[in-house]
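Given next are the chains, with one letter for each unit.
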Amino acid sequence: MLGAGYEFSPHWQVAVYFSSGKTSDPFFDYNHNHVSILMSGIAF
């Protein structure tokens, strides 16, 4: 898993995450890739 984030304003941030993997069984091999983009804010 690899990720990066940036706080562009107080209490607001954006982040990007990437993960990759492989699943194997006797008949098939599966490659998995996943990208997540997250924007979050904190209010209190």
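For the structure itself, consult the block above.
A brief structural summary.

Definitions and limits used
Residues numbered from 1 in each chain as written. Predicted model: local features only at pLDDT ≥ 70, side-chain atom pairs only at ≥ 80, totals over all residues. Heavy atoms only, no water. Helix = DSSP H or I, 4+ residues; strand = E, 2+ residues; numbered from the N terminus. Buried < 20%, exposed > 50% of the residue type's maximum accessible area, 1.4 Å probe, protein only. Pairing = 2+ DSSP bridges. Axes fitted to C-alpha atoms, helices over the stretch in contact; angles between N-to-C directions. Contact = heavy atoms within 4.5 Å.

## Focus: unusual backbone geometry
Among all residues save glycine, negative phi is the norm, and among peptide bonds the norm is trans.
Line of reasoning, step 1. The phi angle at His11 is positive, at roughly 75°, despite the residue not being glycine.
Line of reasoning, step 2. For His11, the position within the fold is in the loop between strand S1 (2–9) and strand S2 (12–24).
Line of reasoning, step 3. The class of His11 is partly exposed, set by a relative accessible area of 39%.

## Here's the deal with the sheet that holds S1
Line of reasoning, step 1. Pairing within the open sheet is antiparallel, and its 3 strands lie in the order S1-S2-S3. With partners counted over all chains shown, the strands left at the sheet margins are S1 and strand S3 (29–41), one partner each. Averaged over all adjacent pairs, the angle separating strand axes in this sheet is 10°, with direction ignored.
Line of reasoning, step 2. Sheet analysis places S1 next to S2, joined by 7 bridges and oriented antiparallel.

## A closer look at the environment of Ser40
Line of reasoning, step 1. Relative to the elements of secondary structure, Ser40 occurs in strand S3.
Line of reasoning, step 2. The exposure class assigned to Ser40 is partly exposed, which follows from its relative accessible area of 24%.
Line of reasoning, step 3. Sequence separation between Ser40 and Trp12 is 28 residues; the distance between their C-alpha atoms is 5.8 Å.
Line of reasoning, step 4. When neighbours within four sequence positions are excluded, Ser40 is seen to be in contact with His11, Trp12 and Gln13.

## Observations concerning the environment of His11
Line of reasoning, step 1. Sequence separation between His11 and Val35 is 24 residues; the distance between their C-alpha atoms is 23 Å.
Line of reasoning, step 2. In this view, His11 contacts Ser40, Gly41, Ile42 and Phe44; residues no more than four positions away in its chain are not counted.

Geometric descriptors of this kind do not, in isolation, establish any biological role.
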